[in-house]
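Reading the structure
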Amino acid sequence: MEKKILGVILARGGSKGVPRKNVRNLAGRPLIQHIFDTAKKSKYITKLILSTEDKEIAEIGRSIGLEVPFMRPSELATDSATGISVIRHAMNFMDGAGFRADAVYSIQPTNPFTSIETIDGAIRLWIESGCDSVTTITEVTCGHPYITKRLKENSTIENFCTIPARTSMHARQAREKAYYLTGALYLRSRSLIEAENMDSHYLGNDSRAVVVNEVEAMDINTPFDFELAEWMADRRNRNQ
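My aim in this report is to walk through the structure given alongside it, one point at a time.

Procedures and definitions
Residues numbered from 1 in each chain as written. Predicted model: local features only at pLDDT ≥ 70, side-chain atom pairs only at ≥ 80, totals over all residues. Heavy atoms only, no water. Buried < 20%, exposed > 50% of the residue type's maximum accessible area, 1.4 Å probe, protein only. Helix = DSSP H or I, 4+ residues; strand = E, 2+ residues; numbered from the N terminus. Pairing = 2+ DSSP bridges. Axes fitted to C-alpha atoms, helices over the stretch in contact; angles between N-to-C directions. Contact = heavy atoms within 4.5 Å. Salt bridge = Lys/Arg side-chain N within 4 Å of Asp/Glu carboxyl O.

Okay, the pairing of strand β6 (residues 133–139) next. Across the seven residues of β6, six count as buried, placing the element largely inside the fold. With six bridges joining them, β6 and strand β9 (residues 179–189) adopt antiparallel strand pairing. Pairing of Val134 across the sheet is with Leu187, part of β9. Inspection of the sheet shows β6 paired to strand β10 (residues 207–211) by five bridges, in the parallel sense. Pairing of Ile137 across the sheet is with Val211, part of β10.

So, in structure tokens, the structure goes:
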């Protein structure tokens, strides 16, 4: 049976680090358009929509061909609103509109270099494995957990986590590889989204991941991030 997958591009208007970043132009296109232009090529996403509370973002979304079936409630567009509450709202709304998804794919415009191979690769992994969720991770190349410290009173420091015995602290290549969640993509099964009392990052008992490189892992949160993204986008355009 073919799985119905709802893709939800999440773009709220209130951004503290880079004001109005979701509609700010990156390489001549609004930021939200970059991930839309990629995600719409997916072989597996059945329906792709935009979730926003912001009228300008909604208008720009419609102008580039994005479906905007609802305006997100303002209480789901605050700094404290959880991602799971936002995608649950989208899923429930689309249920009422006659589209019942087997899984919901939340996609972030702030990771503009996410590739279609990563998007579809995560879906294939979910379909083939039957897991609860799939997300994206990238290797920690700076600030490995073994050298991370906790800052305490009087500027004293202590290890942030327990370091295994006989671990080499000086040779980076000798340390066990560590990865972090990029936040670009979260594919969750319907049953997981419907679970009660799940927190924002709950990924189920069987959570899997697609490993991406540093470019795809880039997450725009600061003015410097945006400048770096501009440089990267310009370099890509010149190399095409």
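Here the narrative resumes, following the displayed structure.
Spatial strand order, β4-β1-β5-β9-β6-β10: six strands in an open sheet with mixed pairing. Both edges of this open sheet fall to β4 (47–51) and β10, since each of them pairs with a single strand only. In this sheet, adjacent strand axes meet at a mean angle of 30° when their direction is disregarded. Each of β1 (5–10), β4, β5 (103–107) and β9 touches helix α3 (residues 83–96); the most contacted strand, β1, lies at about 130° to it. Along the sheet face, helix α4 (residues 116–129) touches β1, β5, β6, β9 and β10 and points at about 150° away from the line of β10.

Bringing the pattern of salt bridges into the picture now. All told, the structure shown has eleven salt bridges when counted by the stated rule. Among the salt bridges present, the one from Glu194 reaches Arg190, with a minimum N-O distance of 2.9 Å. Of this pair, Glu194 and Arg190 both sit in helix α5 (residues 190–194), four residues apart, which is roughly one turn of the helix. With a relative accessible area of 43%, Glu194 lands in the partly exposed category.

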